[in-house]
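# A structural walkthrough
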Amino acid sequence: ESSAERFVDLHVLLGQQGAQAVAMKIAADEADILINLGGHTRGSDPVTLIMARRPAPVQLMHEGYAGTMGGAQHTAHITDRYSSPPDFASHYVEKLLYLPHAFFVNDHRQTYPELLHDVVVEGEEKASRLSFGSLPRDIPFIY
C-alpha cells in the first residue's frame, strides 16, 4: 500500500454494494490497467463479474490461473510457454503475452520432492504423481 501512488481498498464497497459498484468506482477513477490475479479459482467470482463490466481499457489475466477465462473480458493473458504452450494458443480467447521465463510460481517440485521419483511406469512414457495433482501415497499410480 505504501509504495502505491494511490491505494484504494475495494473490499468494503464490494461487500456493501456488490461488483457493479466496484466496477463503476474503477471506471470513475480512470484506471488504465486492471489485472486479474485469481482467474477461475475459489473466491474469484466477484472479480470475474467486475472484469466482465470492462471498467478499464486494458484488462490482463496474470498469476493465479494459467488457463483461459473463456470470455472477452480480458485484453490479454500474461503467461509463459510452459503454462500456455504456443501450440494451444488457439484454445485461449485472450491474446497471450509470453514472459521469457516461467511465471507460474506454484512449483510442487520444491514442496514435495519425494513425489518426483515415486512412480510406476508402464510403456515408454514417464510420469509422476506430481503431474496428476500430487496423488496421495495410498492411491496406486500407474501411467
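All values reported here derive from a predicted model rather than from experimental measurement.

Let's shift gears to the overall build of the protein chain. What the protein chain contains, in helices and strands, is four helices and four strands. The secondary structure elements of the protein chain, listed N-terminal to C-terminal, are α-α-β-α-β-β-β-α. Buried positions account for 29% of the 143 residues belonging to the protein chain. Counting only contacts in the protein chain whose residues sit at least 6 apart along the sequence, the fraction spanning at least 24 positions is 32%.

Side-chain alternation along strand S1 (residues 33–36) places Leu34 and Asn36 on a buried face and Ile33 and Ile35 on a face that remains uncovered. As paired elements, S1 and strand S2 (residues 58–61) share four bridges and run parallel to each other. Each residue of the ladder has a partner; that of Ile35, found in S2, is Leu60.

This part covers the confidence of the model for the protein chain. Detailed reading of predicted coordinates is not advised where the pLDDT is low. Per-residue confidence for the protein chain averages 77 on the pLDDT scale, and 71% of its residues sit at or above 70. Per-element averaging of pLDDT across the protein chain places helix H4 (residues 108–111) at the bottom with 60 and helix H2 (residues 19–28) at the top with 95. Note on residues 118–126: pLDDT is under 50 here. Beyond four places in sequence and across chains, it has 15 contacts.

In this structure the tally under the stated criterion is two salt bridges. In this structure, the salt-bridge partner of Arg6 is Asp29, at a minimum N-O distance of 3.3 Å. On the criterion of sequence distance, the pair formed by Arg6 in the segment before helix H1 (11–17) and Asp29 in the loop between H2 and S1 is long-range, its members being 23 residues apart. Overall, the relative accessible area of 54% leaves Arg6 in the exposed class. One salt bridge in this structure joins Asp29 and Lys25, with 3.3 Å as the shortest N-O distance.

If you walk across this open sheet you meet the four strands as S1-S2-S3-S4, and the pairing is parallel. Of all strands in the sheet, those with a lone pairing partner are S1 and strand S4 (95–98), marking the two edges. Sheet twist, expressed as the mean angle between neighbouring strand axes with direction ignored, is 30°. Sheet topology note: the strand S3 (residues 76–79)/S4 ladder contains four bridges and is parallel. In the sheet register, Thr79 faces S4, and the bridge partner there is Tyr98.

Attention now moves to the environment of Val12. Tracing the backbone shows Val12 in helix H1. On a C-alpha basis, the gap between Val12 and Val22 in space is 9.6 Å, while along the polypeptide they are ten residues apart.

It is at 9 Å that the axes of H2 and helix H3 (residues 45–52) come closest, and there the two elements cross at 50°. Judged on the interaxial angle alone, H3 and H2 are oblique. The way H2 lies across H3 gives a crossing that is right-handed. Across the interface between the two elements, Ala19, Val22, Ala23 and Ile26 from H2 touch Pro46, Leu49 and Ile50 from H3. Looking at the contact of H2 with H3 residue by residue, the classes come out as seven nonpolar, no polar and no charged.

Definitions and limits used
- Residues numbered from 1 in each chain as written.
- Predicted model: local features only at pLDDT ≥ 70, side-chain atom pairs only at ≥ 80, totals over all residues.
- Heavy atoms only, no water.
- Helix = DSSP H or I, 4+ residues; strand = E, 2+ residues; numbered from the N terminus.
- Buried < 20%, exposed > 50% of the residue type's maximum accessible area, 1.4 Å probe, protein only.
- Contact = heavy atoms within 4.5 Å.
- Pairing = 2+ DSSP bridges.
- pLDDT = per-residue confidence, 0-100.
- Salt bridge = Lys/Arg side-chain N within 4 Å of Asp/Glu carboxyl O.
- Axes fitted to C-alpha atoms, helices over the stretch in contact; angles between N-to-C directions.
- Parallel < 35°, antiparallel > 145°, perpendicular 65-115°, else oblique.
- Left-handed = near helix turned anticlockwise from the far one by under 90°.
- Nonpolar A, V, L, I, M, F, W, Y, C, P; charged D, E, K, R; others polar.

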